[in-house]
Amino acid sequence: MSDKKFHIQKEPFVISTDDGKYIGEHFGNASDGNSEISIAHMVAPAHWSEPFQTPEFDEYTFIFEGKKQFLIDEEKIILEAGQSIKIAAGTRVQYSNPFKKPCTYISICKPAFDFNKVNREE
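1. Quick look at the layout of surface pockets
Logical step 1: Its boundaries defined by the atoms lining it, the largest pocket holds a volume of some 520 Å³.
Logical step 2: Partitioning the lining of the largest pocket into residue classes produces 14 nonpolar, 7 polar and 9 charged.

2. A few points about the sheet that holds strand E2 (residues 22-27)
Logical step 1: If you trace the 6 strands from one edge of the open sheet to the other, you get E1-E2-E3-E10-E5-E8, paired in antiparallel fashion. Looking at the sheet topology across the chains shown, the edges are occupied by strand E1 (13-15) and strand E8 (84-87). Averaged over all adjacent pairs, the angle separating strand axes in this sheet is 20°, with direction ignored.
Logical step 2: The pairing of strand E5 (residues 58-65) with strand E10 (residues 103-110) spans 7 bridges and is classified as antiparallel. What sits directly across from Glu65, in E10, is Thr104.

3. Considerations on the pattern of salt bridges
Logical step 1: Inspection of the entire model under this criterion finds 4 salt bridges.
Logical step 2: The salt bridge partner of Glu50 is Lys21, with a shortest N-O separation of 3.3 Å. Of this pair, Glu50 sits in the loop between strand E4 (48-49) and E5 while Lys21 sits in the loop between E1 and E2, and the two are 29 residues apart along the sequence.
Logical step 3: Judged by its relative accessible area of 8%, Glu50 is buried.
Logical step 4: Looking at Lys21, the relative accessible area reads 8%, which means it is buried.
Logical step 5: A salt bridge links Asp58 to Lys86; the shortest N-O distance between them is 3.9 Å. Separated by 28 residues along the polypeptide, Asp58 in strand E5 and Lys86 in strand E8 bring together distant segments of the chain.
Logical step 6: Members of the salt-bridge network, linked through shared partners, are Lys21, Glu50 and Arg120.

Cut-off values and rules
- Residues numbered from 1 in each chain as written.
- Predicted model: local features only at pLDDT ≥ 70, side-chain atom pairs only at ≥ 80, totals over all residues.
- Heavy atoms only, no water.
- 1 Å grid on protein atoms, 1.4 Å probe; cavity = no way out; pocket = protein on both sides within 12 Å on 5 of 7 lines; lining within 4 Å.
- Points joined across faces, edges and corners; volume = space filled by probe spheres on them.
- Nonpolar A, V, L, I, M, F, W, Y, C, P; charged D, E, K, R; others polar.
- Pairing = 2+ DSSP bridges.
- Helix = DSSP H or I, 4+ residues; strand = E, 2+ residues; numbered from the N terminus.
- Axes fitted to C-alpha atoms, helices over the stretch in contact; angles between N-to-C directions.
- Salt bridge = Lys/Arg side-chain N within 4 Å of Asp/Glu carboxyl O.
- Buried < 20%, exposed > 50% of the residue type's maximum accessible area, 1.4 Å probe, protein only.

This is the structure in structure tokens:
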């Protein structure tokens, strides 16, 4: 075991999806077993969407390129590159990219993302 007080993540855990979305988790439950926080590089393809969900964790999103749409309590919010949002645990939300270009962003969840605590409406 290393005595280093840092860890450089060169190979994130890539989560397989069937909707064309890229999820590369750098730190979190899937990549290094960290249940306190997760940090993932995401790319939502054009015309992508997920079902509504009510996660049991706070989620922070920072947009690098493109735009991403959030439906929160009947309110439509569109973020663009350079903007960010925090969505509190227990909030019903739908994420989508109804636009013509992919959206590249970072997602941070606290505690860490856990698929069993997303509470997706299928």
